[in-house]
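For reference, the chains in residue letters:
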Amino acid sequence: MADSPIHGEGVTVHNLFKKNSFALDYYQREYTWTRDEVRTLIDDLSNRFLSQWNPLHERDEVNGYAPYFLGPYVYHESDGRTFLVDGQQRVTTLHLLLIYLRQLLIDQEKWIYADELEGLTYTARHGRRSFKVGSSEELARAQLLNSLVTDWNDLKDFTLLDDAHVSVRNLHDRSREIDGDFPDVLRGEALVPFVRWLLDRVCLVGIQALDQENGREIFVSMNDRGLRLSHVDLLKGHLFRRVNPQTREELGRSWADMLARLTSAETDSPEAGTPSAYVRSFLLAQYAHFDETSTDAAEIGRAVHEWILRNEIQLGIDRPAGAREFIRKLTDVSERYRVLLRACREFRPELAAVFFNGYNGLDNQFTLLLSVVSPEDTDQTFAEKCSMAAAFLDLVYVRRCVNNLPVQRRDLDEIIHRLIPVLRICRTAEEVATVLGREASLLEHDFREIASFGLRANNRRLVRYLLSRMTAHVQRACEGGEHEYEFLRGSRDYEIEHIWANRFERHTDAVRTPAEFDLWRNRLGALLLLPKSVNASFRDDPYGQKLEHYYAENRLAASLHPKSRLRNTPFTHYLRAAGLDLAFRPCPEFGVQEIEQRQGLYRLLCEEVWSPARLGFRLPQITVVVPEPAAPRRRSHYGVELLDLIKNGLMKPDTKIFRTVRGVVHFATVEADGAIRLETGQAFHSLSAAGAAVAGTKACAGWDVWRIERDGVAVALKRLRDEVINRGLSNAGS
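Just so we're clear, the structure is a prediction, and the values are computed from it rather than from any experiment.

Rules and cut-offs
- Residues numbered from 1 in each chain as written.
- Predicted model: local features only at pLDDT ≥ 70, side-chain atom pairs only at ≥ 80, totals over all residues.
- Heavy atoms only, no water.
- Phe/Tyr/Trp six-rings, centres within 6.5 Å; stacked < 30°, edge-to-face > 60°.
- Helix = DSSP H or I, 4+ residues; strand = E, 2+ residues; numbered from the N terminus.
- Buried < 20%, exposed > 50% of the residue type's maximum accessible area, 1.4 Å probe, protein only.
- Lys NZ or Arg CZ within 6 Å of the ring centre and 35° of its normal.
- Core = buried A, V, L, I, M, F, W, Y, C linked by side-chain atoms within 4.5 Å.
- Contact = heavy atoms within 4.5 Å.
- Pairing = 2+ DSSP bridges.
- Axes fitted to C-alpha atoms, helices over the stretch in contact; angles between N-to-C directions.

Regarding the packing of aromatic side chains
Aromatic rings considered in pairs are described by the distance between their centres and by the relative angle of their planes.
And step 1. For the structure on display, the rule yields 35 aromatic pairs.
And step 2. With 5.7 Å between their ring centres and 65° between their planes, Tyr337 and Phe366 make a pair best called edge-to-face. With Tyr337 in helix α15 (residues 320-345) and Phe366 in helix α17 (residues 365-370), this pair connects stretches of sequence that are 29 residues apart.
And step 3. Looking at Phe366, the relative accessible area reads 6%, which means it is buried.
And step 4. Where Phe487 meets Tyr494, the ring centres are 4.8 Å apart and the plane angle is 70°; that geometry is what we call edge-to-face.
And step 5. The exposure class assigned to Tyr494 is buried, which follows from its relative accessible area of 4%.
And step 6. Through a chain of ring-to-ring contacts, the aromatic side chains of Phe49, Trp53, Tyr65, Tyr100, Trp152, Phe182, Phe194 and Trp197 assemble into a single cluster.
And step 7. Seen from the ring of Phe382, Arg336 lies directly overhead, with NZ or CZ sitting 4.5 Å from the centre.

Right, dumping it as structure tokens:
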């Protein structure tokens, strides 16, 4: 029997990039993966790794972890080059991820591993980098990748042009979002084991085509023919066999209309995914159970139609009438879902919070929003209910962010899943407002931590969001209208402005060291939002010269000027009405005292922007006592937190811990609830986050770098943590 002329071979991620430099063939589509697709890949990889990882494992034990298969890719070779035929999206995303992981390894000073990733992402010759995915002809792509390698945070040497190639624009946007979607637990001591597992245990199968034309044929065959039935197709087959033949034609038209609507919405909002994404969100929102023993969420995420088959009696679709009503509800609500998808990308005042959540990448908002939707809702009722539900999620997101708490999908899913059973029984907007008012009154964290909040290496997008919302709020209060879109995604391309220019020597009378200067310069109160073109023209000027430029810009920036209230009735009226007359002090000079004053002003503005009453919630008439604890405490992956050390007598409340960064010792206090309070006043809820903040990095092996003094000896907190694990003192599950 003759051998197949087309060959396939398994390859690890390490060997994929070690042995190849990929070019893209002419018929390849652009790099089009959305944030949701990149996040799904990261979630799949991290979940598989974390299901096996234990901090007590030696690093070589990772070699025994179960492998993970990422699927096939197709290539052909010509003139000494390897051309990708199929699999570009995954390979390009892996390449971007490796560049990002290299930056995290540099942050942790894991130089050997960082150097290894450098060799897998590009080669260098005569001072010029040649990247492992792409082609030398794509100048803008090479410029972007060079900037990501040299300056991931700020991309100072790269400007995204308005007419940038779609692949370049998508690569740029995904690089700006990946930091918010990468799990916090992998930024700590799990980082190196994760990188080792990714390189050596994650595999693909490479299929070698004979030549370019054979590669094109394979590409067309894999992408245009033999498509498997989707979960939605299988669901339709199951539901329609239950209904009477007389109603199948009518329901079939409704089903076709639903698919047409969702396909149209998908074009406008690729993050939404396919109609399968709608069906999953619909089932989670309307029918799933979320108690501790339920596996509904995982099963619906894995295979919708199989969950339907197992729960058809509960859903009432085992009878013709029940199946008919289920189909009608599913198809009717799809129109509301389409509206929400578009509101996620196109600013609509009545659904502004949906847009805000979309800007922040909270795609799981759709499950929460569909829990309040009913086919009987009028357009106004639908908008009111969804607006409040989205605003509540935005409120939770912002409060968690300013308190340095994690806000990734799994963290917000816990809150969303807890709310859904209560919200899905609400029939009116008033009932939704009452439920969300009570939930808002029970929220554990408020805006007090803004007193020490500032710009860090890993929160630039959040800081820009806060400044945008506050700036738009003041602008609207004075001028009317809606300004949020203008500041978030408008044509003037607003960016963060440091009121203090990056000149330490100008402030030596107020700050002693460059590190202290950076701390005050990056405080939220020392920041504004200005158009990029304006900001670039005077960013290095002394404050006195900048002040005149601020006076010509938005109301929040102009408020620094001593003349900001002269002949400015709308502004002065707003200050009196909001009770902010004293908080909005003009600043002829701008030193540390003025930064603290503006920090207090920004806290008041945040409390006004995100006031539960202003968001439409009905707060309880009596004071709600927050139970102890107010919410389930989020634990580390391996089940040990600082609070466990305190409870088991290995550490006392208010204990001082310390770490050294570039020869400077930084101290922090471990508070009674396990929070880490830095000398700057900032509070964090993980050692990794606190350590990264001190070092000005995105990643930190917190348990390794923080130390405590015992009998005159510096002891790594990891030793105490390992003692808790070995003695079984933690009350967490495995």
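Next comes the rest of the description.
A closer look at the nonpolar core
And step 1. Tyr278, Leu283, Tyr550, Phe584 and Leu605 are the most contacted members of the largest nonpolar core, which totals 134 residues.
And step 2. Broken down by element, this core gets its largest block of residues, 15 residues, from helix α18 (residues 379-402).
And step 3. Discounting residues that sit within four places of it in the chain, Tyr278 has contacts with Met258, Leu262, Lys329, Leu330, Val333, Ser334, Tyr337 and Leu370.
And step 4. Of all hydrophobic cores here, the second largest spans 60 residues; its members include Tyr73, Leu84, Ile99 and Leu145.

Regarding the sheet that holds strand β7 (residues 202-208)
And step 1. Taken together, five strands build an open sheet; the order of strands is β1-β7-β3-β4-β2 and the sheet is mixed. Of all the strands in the sheet, just β1 (7-12) and β2 (22-24) have a single pairing partner and so form its edges. Going from strand to strand, the sheet's axes swing by 40° on average, the running direction of each strand aside.
And step 2. Seen against the sheet, helix α7 (residues 191-201) touches β1, β3 (68-78) and β7 and runs at an angle of roughly 30° to β7.

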